[in-house]
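Residues per chain, in single letters:
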Amino acid sequence: MDFGFAAEDDEFRAEARDWLDAHAGQGQDRRSWERTLGAAGWIGLGWSEGGYGNRTASLTQQVAWAEEYARSAAPARSGHIGENLLAPTLLAHGTAEQKSRFLPPIAAGAELWCQGYSEPGAGSDLAGVRTRAELAPDGRTYRVTGQKIWTSLAHEADWCFVLARTDPGSTRHHGLTFLLVPMDQPGRIEVRPIRQMTGTSDFNEVFFDGAHARVEHVVGAVGDGWRVAMSLLGFERGVSTLAQQIGFAAELGRVIRTAVETGAADDPVVRDRLVRLWAELRTMRWNALRTLGGSGGPGAPSVAKLLWAGWHQRLGELAVQVRGPAASAGPSDWTPASPYELDETQHLFLFSRADTIYGGSDQIQRTIIAERVLGLPRERKGVV
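This report concerns the structure included in the present document. Keep in mind that this is a model prediction, so the values were computed, not measured. (Residues numbered from 1 in each chain as written. Predicted model: local features only at pLDDT ≥ 70, side-chain atom pairs only at ≥ 80, totals over all residues. Heavy atoms only, no water.)

1. Overview of the packing of helix α8 (residues 268-290) against helix α9 (residues 300-323)
Two numbers describe how α8 lies on α9: the axes approach to 11 Å, and their chain directions differ by 155 degrees. In terms of orientation, α8 and α9 fall into the roughly antiparallel class. The crossing of α8 and α9 is left-handed. Here Val-270, Arg-273, Leu-274, Leu-277, Glu-280, Leu-281, Met-284 and Asn-287 of α8 lie close against α9, whose contacting residues are Val-303, Leu-307, Trp-308, Trp-311, Arg-314, Leu-315, Glu-317, Leu-318, Gln-321 and Val-322. When the residues that make up the contact of α8 with α9 are grouped by side-chain class, the tally is twelve nonpolar, two polar and four charged. (Axes fitted to C-alpha atoms, helices over the stretch in contact; angles between N-to-C directions. Helix = DSSP H or I, 4+ residues; strand = E, 2+ residues; numbered from the N terminus. Parallel < 35°, antiparallel > 145°, perpendicular 65-115°, else oblique. Left-handed = near helix turned anticlockwise from the far one by under 90°. Contact = heavy atoms within 4.5 Å. Nonpolar A, V, L, I, M, F, W, Y, C, P; charged D, E, K, R; others polar.)

Here's what the structure looks like:
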């Protein structure tokens, strides 16, 4: 692919960099920061339709924005699930009323979303959904009952898009429906944070006990949720991966500097591993550029996930190794209120252990490639 930035892209990049330099260090909380981004029109650059409060931008300009954001000191995004997953799904499958209701608040940074897919006991088997949604006697709402797990940012979200079983006699991917559910339902929705090895709680358990979802907030047809859900999973492609690699490059740079400072780089095996990581990161960039805009076929997201997840884990392992014994000590003393704190190296090592699990485990990604790209016999699965 002949990929390059034109003069107008460089101007767009310079505008983005200047804006981020002026606003990113103002110490806002994450929700306030989303509203700041929305007010300036930086949310929804990749949407295929305008008129919802977002500015238009070409694919190369989206890449420029994502890369500049990754290089900046801007806060981690809370609105990316609504912007990058739900919004494209609504643009592809939503009604005009759904687009008008939900896209402007996402573009304004005013409503945050979480994803209600994974469930206990099902692992990465999305077709094993047991959460059910029953039509209320008035015919106006569904009542959602069940449990979701590993729900990112549910403790901050205003809404959740939920895959639920509306046909009680159905199995596997049949009889599922894609519902938009408001999270502010005391007594009907409970969010329980999950404490991670890093000491943080980005993931949550979510319990639905008769939570209400309006009939007009079904995306796609009733019983057609599997098709909508699979469409949503295909929207994480090259732009987000390229931005992610900016952060990876910064982490690799810190590991290289540490290896030089500690003398670990004098070991030829360590030098070989550093060079391999650098070369693999460059390969991932070219692969992301090759598949930019979804041109890599049905297996492209799975290939990208396999590449970066394993790479990031190997980087975390090497980061600890080059630190030597110092990697086992925290940056501050233990206290009852703060059992442990982590420095950048320790956080990288511990958090990257989850990379090959969340977002679809490596085993699931290989199965997708085998079945949907290579045409191998489908894996037999149990009946729910």
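Now that the structure has been shown, the text picks up again.
2. A word on the pattern of salt bridges
Taken as a whole and judged by the stated rule, the model has 22 salt bridges. Its salt-bridge partner being Arg-254, residue Glu-344 comes within 3.2 Å of it at the nearest N-O pair. Within this pair, whereas Glu-344 is found in helix α10 (residues 344-351), its partner Arg-254 is found in helix α7 (residues 238-262), the two being separated by 90 residues in sequence. A single salt-bridge network, built from bridges that share partners, covers Arg-13, Arg-17, Glu-67, Glu-68, Arg-71 and Arg-285. (Salt bridge = Lys/Arg side-chain N within 4 Å of Asp/Glu carboxyl O.)

3. Some details on the environment of Val-228
As for its position among the elements, Val-228 is in helix α6 (residues 225-233). The class for Val-228 is buried, based on a relative accessible area of 0%. Sequence separation between Val-228 and His-93 is 135 residues; the distance between their C-alpha atoms is 7.2 Å. (Buried < 20%, exposed > 50% of the residue type's maximum accessible area, 1.4 Å probe, protein only.)

4. Thoughts on the nonpolar core
Membership of the largest hydrophobic core comes to 27 residues, with the highest contact counts inside it found for Trp-47, Leu-86, Trp-113, Tyr-117, Phe-161, Phe-178 and Leu-180. Of all elements in the fold, only α4 (80-93), α5 (96-107), β4 (159-165), β5 (176-182) and α6 reach the threshold of two or more residues within this core. For this core, the leading source of residues is α4, giving six residues. Ranked by size, the runner-up nonpolar core spans 19 residues in total, among them Phe-248, Leu-281, Leu-315 and Leu-318. (Core = buried A, V, L, I, M, F, W, Y, C linked by side-chain atoms within 4.5 Å.)

5. Here's the deal with the state of the cysteines
Counted according to the given criterion, the structure contains zero disulfides. The cysteine Cys-160 is free of any disulfide, with Cys-114 supplying the nearest cysteine sulfur at 3.6 Å. (Disulfide = S-S within 2.5 Å.)

6. Overview of unusual backbone geometry
A positive phi angle, near 60 degrees, is found at Trp-150, a position not held by glycine. Note that Trp-150 resides in the loop between β3 (141-148) and β4. Backbone geometry places Leu-153, a non-glycine residue, at a positive phi of 60 degrees. For Leu-153, the location among the structural elements is in the loop between β3 and β4.

7. Some words on the environment of Glu-251
Structurally, Glu-251 can be placed in helix α7. Sequence separation between Glu-251 and Glu-68 is 183 residues; the distance between their C-alpha atoms is 16 Å.

8. Some points on the packing of α9 against α10
Two elements in contact, α9 and α10, have axes separated by 8 Å at closest approach and are oriented at 140 degrees. Read as a crossing pair, α9 and α10 show a hand that is left-handed. Where α9 abuts α10, its residues His-312, Leu-315, Gly-316, Glu-317, Ala-319, Val-320 and Arg-323 lie against Thr-345, Leu-348 and Phe-349. Here the contact of α9 with α10 is composed, by residue class, of five nonpolar, three polar and two charged.

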